[in-house]
Amino acid sequence: MTAVRESADPSSVPEAKGRRPWGRPQLYTAYGQDMALLNTGAKKVSVGVLLVVALLLPFLLEDDLLRLLATGSVLAIGAIGLNLVTGYAGQVSLGHAFFLGVGAYTAAVVSGDPEDDQVWGLGITFLPVWLLAGGLVAALVGLVIAPLASRLRGLYLAIVTLGLVFLGTHVFNEWDAVTGGIGVGRPAADPVLFGVDLSRRTEAFSADQQLYLLMTVLLVAFALLGRNIARSAIGRSFAAVRDRDIAAEVTGVDVRKVKRRAFVISGFYAGCAGALLYSITGYLDPSSFGLLVSVQFVAMVLIGGVSTISGSILGAFFIALLPRLTRELPEYLPFLSSSATQTPNVFQVETLLYGLLIVAFLLLEPRGLFGLWVRIRNYWKAWPFSY
Amino acid sequence: MRDVLLTVIRGLGFGSVYALLAVGFVIIYKSSRVISFAQPALMLAGAVAVSYLAGPVGFFLAVPIAAIGIAMLGWGLERTTIRPMIGRPVFVVAIITLGLDIAIRVVVNVFIGPNVRNVGDPWGLSTVSIAGLPVQERYIAMAVVLVVVGAGLFAFFRYSRYGLAMRASSLDQETALVQGIPVGSMTALAWAMAGGLAAVAGAFVGTGGGVDQSTWVIALKALPAIIIGGLDSIGGAVVGGLLVGLVESFFATYQGEYLPWLGQNFSLVSPYVLLLVVLLVRPYGLFGTREVERV
C-alpha cells in the first residue's frame, strides 16, 4: 500500500510539507506530513469508506435505527467537547450536563414561538442561528467557570463541577419562563434549514433520514474542528497543561489562558450538542440534565478512549446504541423483563452496564475502544509475528 | 429567637449526619488520595440493610450489623477494583468509584422498590421539650452518634497501633512500608471504615422519613463539607459537615421569606453555593494543607 499524496502540479503543494516518497508509507520527510490530518494511506482509505457508508446508510436502515444513529452523532459532538477539556487538557469536568442544558435552553428560547405566553421565544428557527447561539452562550458559561479551574486542581475541580450540575438543575427547575418548569417542559428548537423543517417528513425523505444526514454532516464538521484543535498549537498546550502544569508554565505556556480556552471550547461543543440533541426529540424537560447525563458523557470518553477524537465518537455511538442492545436481551434471557415495573428489567441492566463498563474498561483497557482498535491493528500489522 | 434556635438544632442534627459521611470521605482520601464517589451507594445500602434488619433484631442492633456488613463490602471493593489501580491517576480511580456507585445503586434499588422504606427507628418525628423548645429526638440521636463515633475515631487514630499505622501510611506510603506497616491492608481498612461510617449515616438519614431511591443524593452533600473543611482533615470534615447542615437549615427556614426569587427548595442546593464561595476565597478549604508543588 502506498501512501503518496499525488499532486499533478508539484508547485501546488506547500514547500514545507514536501512530497512523500513512493512506496515508503512509514517515511515522513517533514513534520507537517507527520502531523497531517490523514497521515497514512490506510487512514485516507478508511475515512473515505466510512464517509461513503455513512451517506448510504439512510437508504439502507430502518427509521428508528437512523434516529438512534442521529442521537449518537449528537452525543459524539458532546463527547468530543468533554474529551477536549478532560482528555486533552486534563481538567476533570463532571459538569457537562449543565453546559448541555444551557445550550439546549438557549437554542429553545431563540427558536421558540414568540406567541407562546408560557415560555419565552424569539421565533428565529433558522438552524445555524440557534445552534451558534446555544454554543456561544454555553461557551460564555465556560468562560465564567474557567477562573475556578485555574485556581483548583484535580478532584477539587471535579467536585465543583459536580456542584454546578446540582445548581444548574435547580435553576432549570425553577426558571419557568425559560424551561417551562418541572414536569411541564417546553418544545425544543426546531431544526429548520432554508425554510424546510427537517423534523417533519418531506416528499423525498422521512424525518429521520433528514435528521440523520444533518447530524452526520455536523458531526463530521465538529470532529474535523476538534481534530484540528487537538493537533495544532492549542492542542499541544492543552497536553502540556495536562501532563505537568508547572512545567508547562515554565516553558512559557500561559496555564490560565489554556484552561480558559479548554472550558470555552468544551462549553461550545456541549452547548451545540445540547441544542441539537433535543431538536431530535422535539421536547425538553428540566429534569433531563442531571448527574447521570454527566456520567454518561464521562463514560463515553473513557469507554471510547481518552484524548482521541475518534475514540470519543466510538464511545458516543456505543453508549447511544447500548439501550437498543439491552432491549433485545429479554429474548435471550427470559428472566429479564422489558417492563420498568418488574425486576429484573432491562433498564436496570442498562444502568448496571454503564457502571460496570466504566469499571471494566478502566481496569482492563484504559485506552478504551480506541485502545482495543490499536491492539487489533498492531496485531495484524505484525502478523504473522507476535511483535 | 425560637425559630433561630430550632433552625440551629435542625442544622446541627443533619449536619452531624453530613459530618459522619464527610469523615468517611476523608478517611478514604487520606489513605488513597481519592474521593470515593461510591459512598452514596454504600450509604444507601447501609440504610436499606438497616430497614430489613430492624424488624427481626431491632434498630439498635441492626445499625452495627449493617455497618459491619457494609464495611465488608467497602473492603471488598478496595481489594477488587481499587488495589489494581495503584499508581494510576487519581481521576481514573475516582471515575471507577463513580462506576461502582452506579452499579451498586441499581442492585440496592431493587431492594428498595418503588416506595419509601422505613428504617424502623424508635424516634420517628416525635419531639421532646428542652427548655420549652420542641426538639425532635432524632436530631439529638444524630448528634450523640456523631459525638460517640467521633470520639471513638479520635481514640482509634490517637492511641491504637492500627490508627498509628494508618496515619503513618497516609503521611508517606514508602516510609511506612519501610517501617513494616502493611500499607495495602491499611488502605483496605480505611475503605472498610468509610463503608461502616456510610452505613451508620445512612441509617440516621432514614430516621423520621425513611429511605427511597433518591436518598443517595444526600450523601453528595458531604462533598461540599469535605471541600470546605479541606480534603485531608478529619476535624475539618466534622466542622464542614456541621456548617453545611446549618447553612442548609437556615436557607430552609428563611430563604422563602427573604430571598423568594431563588425558588423553592433552594436550601437543597445551598451547600454547593457555600462550596463555591469558600473555594473562591480559600482554594484548599478551611483546614486543608496546601499542596507543595515541585516541578
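Within an unreviewed UniProt entry, the label attached to chain B reads Branched-chain amino acid transport system permease protein, and the organism entered is Klenkia soli. Recorded under Subcellular location (unreviewed entry), the UniProt text for chain B is reproduced unchanged: "Cell membrane". For the record of chain B, the UniProt heading Sequence similarities (unreviewed entry) holds the text "Belongs to the binding-protein-dependent transport system permease family. LivHM subfamily."

Looking up chain A in an unreviewed UniProt entry gives the name Branched-chain amino acid transport system permease protein, with the organism given as Klenkia soli. Taken from UniProt, the Subcellular location (unreviewed entry) comment for chain A reads in full: "Cell membrane".

*Asks:* Tell me about the overall build of chain A, residues and numbers included.
*Replies:* When its secondary structure is counted, chain A shows 15 helices and four strands. On C-alpha atoms alone, chain A measures out to a radius of gyration of 22 Å, which is about the 21 Å that the 2.2 N^0.38 rule sets for 387 residues. Relative to its full complement of 387 residues, chain A shows a buried share of 46%. Restricting to contacts in chain A with at least 6 residues of sequence separation, those with at least 24 account for 70%.

*Asks:* With reference to specific residues and values, describe the confidence of the model for chain A.
*Replies:* All names here are of chain A. Overall, the prediction assigns chain A a mean pLDDT of 83, with 94% of residues at 70 or greater. The weakest mean pLDDT in chain A belongs to strand E3 (residues 196-197) at 73; the strongest belongs to helix H11 (residues 255-281) at 91. Of the regions scoring below 50 in pLDDT, residues 1-16 engages in 19 contacts with residues more than four places distant in sequence or in other chains.

*Asks:* How would you sum up the UniProt feature "transmembrane region" (unreviewed entry) in chain B? Please name residues and give values.
*Replies:* Residues and elements named next belong to chain B. Per the UniProt record, the feature "transmembrane region" (unreviewed entry) sits at residues 6-27, 59-77, 89-112, 139-159, 180-205, 225-247 and 259-281. For residues 59-77, the end-to-end C-alpha separation is 26 Å, with 100% helix and 0% strand making up the annotated structure. When the span residues 180-205 is considered, its composition is 88% helix and 0% strand, and the gap between its end C-alpha atoms is 40 Å.

*Asks:* Got a sec to walk through the packing of helix H10 (residues 234-258) of chain B against helix H11 (residues 266-281) of chain B? Specific residues and values, please.
*Replies:* Two measures define how a pair of helices packs: the angle their axes make with one another and the distance between the axes. Residue and element names in this part refer to chain B. With their axes 8 Å apart at the nearest point, H10 and H11 run at an angle of 135 degrees to one another. Judged by the angle between their axes, H10 and H11 are oblique. Viewed along their axes, H10 and H11 form a crossing whose handedness is right-handed. Contacts between H10 and H11 involve Val244, Val247, Glu248, Phe251, Ala252 and Gln255 on the former and, on the latter, Phe266, Ser267, Ser270, Pro271 and Leu274. Each residue belonging to the contact of H10 with H11 can be placed in one class, and the counts come to seven nonpolar, three polar and one charged.

*Asks:* Before we move on, can you summarise the interface of chain B and chain A with the specific residues and values?
*Replies:* With 30 residues of chain B at the contact, the number on the chain A side is 34 residues. Elements with a minimum of two residues in the side of chain B that touches chain A: helix H4 (90-112), helix H9 (222-229) and H11 of chain B. Tallied by class, residues from the side of chain B that touches chain A come to 25 nonpolar, four polar and one charged.

*Asks:* Which residues make up the pairing of strand E2 (residues 133-136) of chain B, and what are the values?
*Replies:* Every other side chain in a regular strand lies on the same face of the sheet, so the side chains alternate between the two faces. Residues and elements named next belong to chain B. In the sheet, strand E1 (residues 127-130) pairs with E2 via four bridges, with the strands oriented antiparallel. Within E2, the position partnered with valine 128 by the bridge is valine 135. Between E1 and E2, which pair antiparallel and follow one another directly, the connecting turn spans two residues, one of which, alanine 131, has a positive phi of 50 degrees.

*Asks:* So, the nonpolar core: which residues are in play, and what are the values?
*Replies:* If you look at the biggest cluster of nonpolar residues, it comprises 210 residues, and the most contacted ones within it are Ile77 of chain A together with Leu21, Ala22 and Met43 of chain B. Here this core takes 17 residues from helix H8 (residues 183-205) of chain B, the largest share from any one element. With residues near it in sequence (within four places) discarded, methionine 43 of chain B still touches Leu21, Ala198, Ala199, Ala201, Gly202, Val205, Trp216 and Ala219 of chain B.

*Asks:* Help me get a handle on the environment of leucine 68 of chain A, residues and values and all.
*Replies:* Residue and element names in this part refer to chain A. Along the chain, leucine 68 turns up in helix H3 (residues 63-88). Distance from leucine 68 to tryptophan 380, taken between C-alpha atoms, is 32 Å for residues 312 residues apart in sequence. Once residues within four sequence positions are removed from consideration, leucine 68 is found in contact with Ala320, Leu321 and Arg324.

*Asks:* Can you explain the environment of valine 148 of chain B? Please cite residues and give values.
*Replies:* All names here are of chain B. Tracing the backbone through its elements, the reader meets valine 148 in helix H5 (residues 137-159). Overall, the presence of 11 C-beta atoms within 10 Å leaves valine 148 in the exposed class. Each C-alpha atom of the pair valine 148 and alanine 192 lies 18 Å from the other, and the pair is 44 residues apart in sequence.

*Asks:* Which residues make up helix H1 (residues 2-32) of chain B, and what values do they have?
*Replies:* Residues and elements named next belong to chain B. Over its 31 residues, H1 runs 45 Å from end to end, which matches the ideal 45 Å to within 8%, given 1.5 Å per residue. In terms of burial, H1 is a largely internal element, 23 of the 31 residues being buried. Downstream of H1 by a residue or two, arginine 33 has a phi angle that is positive, lying close to 60 degrees.

*Asks:* Pulling in residues and values, what's your account of unusual backbone geometry?
*Replies:* Cis geometry marks the peptide bond from tryptophan 383 of chain A to proline 384 of chain A; its omega dihedral reads 5 degrees. With respect to the element layout, proline 384 of chain A can be found in the segment after helix H15 (368-382). A positive phi is found at serine 307 of chain A, a non-glycine position, where the angle reads about 45 degrees. For serine 307 of chain A, the position within the fold is in the loop between helix H12 (291-304) and helix H13 (309-332). With a phi close to 60 degrees, arginine 33 of chain B is a non-glycine residue in the positive phi region. By secondary structure assignment, the location of arginine 33 of chain B is in the loop between H1 and helix H2 (39-57).

What counts, and where the lines are drawn
Residues numbered from 1 in each chain as written. Chains lettered and ligands numbered in written order. Predicted model: local features only at pLDDT ≥ 70, side-chain atom pairs only at ≥ 80, totals over all residues. UniProt positions renumbered as here; feature names shortened; annotations may be inferred. Helix = DSSP H or I, 4+ residues; strand = E, 2+ residues; numbered from the N terminus. Rg over C-alpha atoms; globule rule 2.2 N^0.38 Å. Buried ≥ 20, exposed ≤ 12 C-beta atoms within 10 Å, placed from the backbone. Contact = placed C-beta atoms within 7 Å. pLDDT = per-residue confidence, 0-100. Axes fitted to C-alpha atoms, helices over the stretch in contact; angles between N-to-C directions. Parallel < 35°, antiparallel > 145°, perpendicular 65-115°, else oblique. Left-handed = near helix turned anticlockwise from the far one by under 90°. Nonpolar A, V, L, I, M, F, W, Y, C, P; charged D, E, K, R; others polar. Pairing = 2+ DSSP bridges. Core = buried A, V, L, I, M, F, W, Y, C linked by C-beta atoms within 7 Å. Expected span 1.5 Å × (residues − 1).

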